[in-house]
Amino acid sequence: MFEKALGLPLHVLVVHAVVVLVPLLVLLAVAYIVLPRFRARLDWAVAALAVVTPITAWVAARSGEALEARQIERGFSGEILDKITDHAAHGEMLSRITLALGLVVILLLVANSGHSRVPKLPGWVPVVLSVAAVGLGVAALVYVWLTGHSGAEMVWGNTFE
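Side note on the nonpolar core
Most often, soluble globular proteins have nonpolar side chains that are buried together. The biggest cluster of nonpolar side chains holds 33 residues, and the ones touching the most others in it are V46, L101 and V105. Counting only elements with at least two residues in this core, the list comes to α1 (10-34), α2 (39-73), α3 (79-111) and α4 (124-156). Broken down by element, the residue count for this core peaks at twelve residues, all from α1.

A word on the packing of α3 against α4
Following both chains from N to C, one finds α3 and α4 inclined at 155°, their axes separated by 8 Å at the closest point. Of the possible angle classes, the one that applies to α3 and α4 is roughly antiparallel. For the pair α3 and α4, the sense of crossing is left-handed.

A word on the side chain of H11
With respect to the element layout, H11 can be found in helix α1. Every residue in contact with H11, bar those within four places of it in the chain, is listed here: A60, S63, G64, L67 and H87.

Each value, and the rule that gives it
Residues numbered from 1 in each chain as written. Predicted model: local features only at pLDDT ≥ 70, side-chain atom pairs only at ≥ 80, totals over all residues. Heavy atoms only, no water. Core = buried A, V, L, I, M, F, W, Y, C linked by side-chain atoms within 4.5 Å. Buried < 20%, exposed > 50% of the residue type's maximum accessible area, 1.4 Å probe, protein only. Helix = DSSP H or I, 4+ residues; strand = E, 2+ residues; numbered from the N terminus. Axes fitted to C-alpha atoms, helices over the stretch in contact; angles between N-to-C directions. Parallel < 35°, antiparallel > 145°, perpendicular 65-115°, else oblique. Left-handed = near helix turned anticlockwise from the far one by under 90°. Contact = heavy atoms within 4.5 Å.

On their own, these measurements won't tell you what the molecule is for.
Okay, structure coming up:
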């Protein structure tokens, strides 16, 4: 299921979405936090990204596992397999951080919604959720870089001078 799309490895296609969506989620979540007057304009975009981005990161991790299994079947071993394993570990961590970020952002949106069905929360709850969202956002950006760099290094390595 996670092997191919349009005749190409699915992983190669979906990682580009992750590289765009994770920083976009972080950027809009931070804007939502620090620019309260724009929250009504940002909330739906932030909510959509908080749902779509973790799903995309999860698909990237699963498709990466499928690609890794295929490469092992093809006989990859030694140093390149070690690099693939490191890349996969970064990708799995990114998937988990992105899921946590998405959940925290959704909780923040609910906490700030003012909806009648949301119970009155103490004032510290949105603050704690905001700090958690920023911290997870920083971690997500770091892991996007680590994962992307390790993947690009494997593909492009010493081939581009």
